[in-house]
Amino acid sequence: MAREIWKGAISFGLVNIPVNLYSGEKPNELKFSLLDRRNMAPVGYKRFNKETGKEVPWEEIVKGYEYEKDQYVVLSDEDFRHANVKATQTVDIIAFIQASEIDPIYFEKPYYLTPGKKGEKGYALLREVLRQTGKIGIASLVIHTRQHVAAIIPHGNILLLELLRFANELRDPEEYDVPEADLSAIGVTKKELAMAEQLVEGMSDKWDPKSYHDDYRDDLLALVEKKIKAGQSQTITEPDADEQAPRSDNVIDLMKLLKRSVEATGKAAPAKSPSPRKTGPHTKAKAPVKKRARSGT
């Protein structure tokens, strides 16, 4: 079981529910050491005093806020807690909203909330009222000296706390040059749209997260094993001078590619005339490819 990160309470109205916070992620990335290519010795990370040049042990390091040039206020973990005791011990629910109102772009990182001592009844009550109303709680909390906004979501029998990005942490989509909504202006025909819809129907499936796997990680481990068996564990593979980047043709026969793709699915639905429909800004078609796992953050 994961180590407890935080212990406090969920608060809404006058209700306080003791809870414990755990990470909802299980990092799966491969870890690599930095080596000196001249003798393959590990390259260490050294913390040194910029004034004396001497190495500083972890137990002698403190955090400081520079309020003027080279002038610092030293803050301990207890100072961070005392700045606002309630904020560091409470998941403070500010409002309840419909789950569908949050754009997926705001979701950042999952955590699990479990009931603390004598918190089972309140925990279960909050979970069920969220489930029955279709709402989620929008809360404020502090983790590791930083304040976050988060969503409290029922997930089976557990409450999920999903950290959300603040609006000012996202770039404005208007910064980017993308096609406008008028498809005819960029040459997309009704036949191409109908064929694309047919392809999406043929590739549609039910969401099963366990069917997606990090193939690249497996391929990389296979390459590591291959180099060990070949006695090339310290051989540095240089770039291939003859390797060329994938070529992009200026002219693409989109209709031909769509037809071939539909035929390849083997279960395409009959083509339908395109009809106006509402789609969300983040609607995605499912494809029969393996999903790459997210890197740890």
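Residues numbered from 1 in each chain as written. Predicted model: local features only at pLDDT ≥ 70, side-chain atom pairs only at ≥ 80, totals over all residues. Heavy atoms only, no water.

A. Region of interest: the packing of aromatic side chains. Following the criterion strictly, the structure yields 1 aromatic pair and no others. Here the aromatic rings of Phe 12 and Phe 96 are separated by 5.8 Å at their centres, their planes lie at 90°, and the arrangement is edge-to-face. Linking Phe 12 in strand β1 (residues 6-12) with Phe 96 in strand β7 (residues 90-98), this pair joins segments that are 84 residues apart in sequence. (Phe/Tyr/Trp six-rings, centres within 6.5 Å; stacked < 30°, edge-to-face > 60°. Helix = DSSP H or I, 4+ residues; strand = E, 2+ residues; numbered from the N terminus.)

B. Spatial organisation of the pattern of salt bridges. Evaluated as defined, the whole model comprises 6 salt bridges. Among the ionic pairs, Glu 25 bridges to Lys 109, the shortest N-O distance being 4.0 Å. Here Lys 109 lies in strand β8 (residues 107-115) and Glu 25 lies in the loop between β2 (15-23) and β3 (35-36), a separation of 84 residues in the sequence. Looking at Glu 25, the relative accessible area reads 24%, which means it is partly exposed. The salt bridge partner of Arg 146 is Glu 169, with a shortest N-O separation of 2.4 Å. Of this pair, Arg 146 sits in strand β10 (residues 146-155) while Glu 169 sits in the loop between β11 (158-164) and α4 (190-203), and the two are 23 residues apart along the sequence. The partly exposed category is assigned to Arg 146, whose relative accessible area is 37%. For Glu 169, a relative accessible area of 38% translates into the label partly exposed. In this structure, a network of salt bridges that share partners links the residues Arg 127, Glu 128 and Arg 131. (Salt bridge = Lys/Arg side-chain N within 4 Å of Asp/Glu carboxyl O. Buried < 20%, exposed > 50% of the residue type's maximum accessible area, 1.4 Å probe, protein only.)

C. Structural detail: the side chain of Ser 140. Within the fold, Ser 140 resides in strand β9 (residues 135-143). In this structure Ser 140 comes out as buried when scored by relative accessible area, which is 16%. Reaching out from Ser 140, the side chain makes a polar contact with the side chain of Gln 147 at a distance of 2.7 Å. Setting aside chain neighbours within four positions, we find Ser 140 in contact with Thr 90, Val 91, Asp 92, Ile 94, Gln 147 and His 148. (Polar contact = N/O pair within 3.5 Å; in protein donor to acceptor, adjacent residues only side chain to side chain. Contact = heavy atoms within 4.5 Å.)

D. View of the packing of α4 against helix α6 (residues 254-265). It is at 9 Å that the axes of α4 and α6 come closest, and there the two elements cross at 25°. When the interaxial angle is binned, α4 and α6 end up roughly parallel. Crossing handedness for the pair α4 and α6: left-handed. Here Lys 191, Glu 192, Met 195, Ala 196, Gln 198, Leu 199, Gly 202 and Met 203 of α4 lie close against α6, whose contacting residues are Leu 254, Met 255, Leu 258, Lys 259, Ser 261, Val 262 and Thr 265. Counted by class, the contact of α4 with α6 contains 8 nonpolar, 4 polar and 3 charged residues. (Axes fitted to C-alpha atoms, helices over the stretch in contact; angles between N-to-C directions. Parallel < 35°, antiparallel > 145°, perpendicular 65-115°, else oblique. Left-handed = near helix turned anticlockwise from the far one by under 90°. Nonpolar A, V, L, I, M, F, W, Y, C, P; charged D, E, K, R; others polar.)

E. Spatial organisation of the pairing of β11. When you tally the buried positions in β11, you get 6 out of 7 residues, the bulk of the element. The sheet contact formed by β8 and β11 spans 6 bridges and is antiparallel. What sits directly across from Pro 110, in β11, is Glu 162. Here 7 bridges tie β10 to β11, and the two strands are oriented antiparallel to one another. In the sheet register, Val 149 faces β11, and the bridge partner there is Leu 164. In this structure, the hairpin formed by β10 and β11 is closed by a connection of 2 residues, where Gly 156 is found at a positive phi of approximately 65°. (Pairing = 2+ DSSP bridges.)

F. Geometry of a negative patch on the surface. Together, Asp 172, Glu 174, Asp 177, Glu 180 and Asp 182 make up a negatively charged patch on the protein surface. When you line up the elements, Asp 182 lands in the loop between β11 and α4. (Patch = residues over 30% accessible without salt bridge, like charges linked within 9 Å, V, L, I, M, F, W, Y side chains within 5 Å. Areas by Shrake-Rupley, 256 points an atom, 1.4 Å probe, with all protein chains shown as cover. Lys, Arg positive; Asp, Glu negative; His and termini not counted. Charge placed at Lys NZ, Arg CZ, Asp CG, Glu CD.)

G. Expanded view of unusual backbone geometry. For Met 40, which is not glycine, the phi torsion reads 60° and is therefore positive. With respect to the element layout, Met 40 can be found in the loop between β3 and β4 (41-42). Here Met 40 falls in the partly exposed class, since its relative accessible area comes to 21%. One non-glycine residue with positive phi stands out, namely Asp 70, at about 65°.

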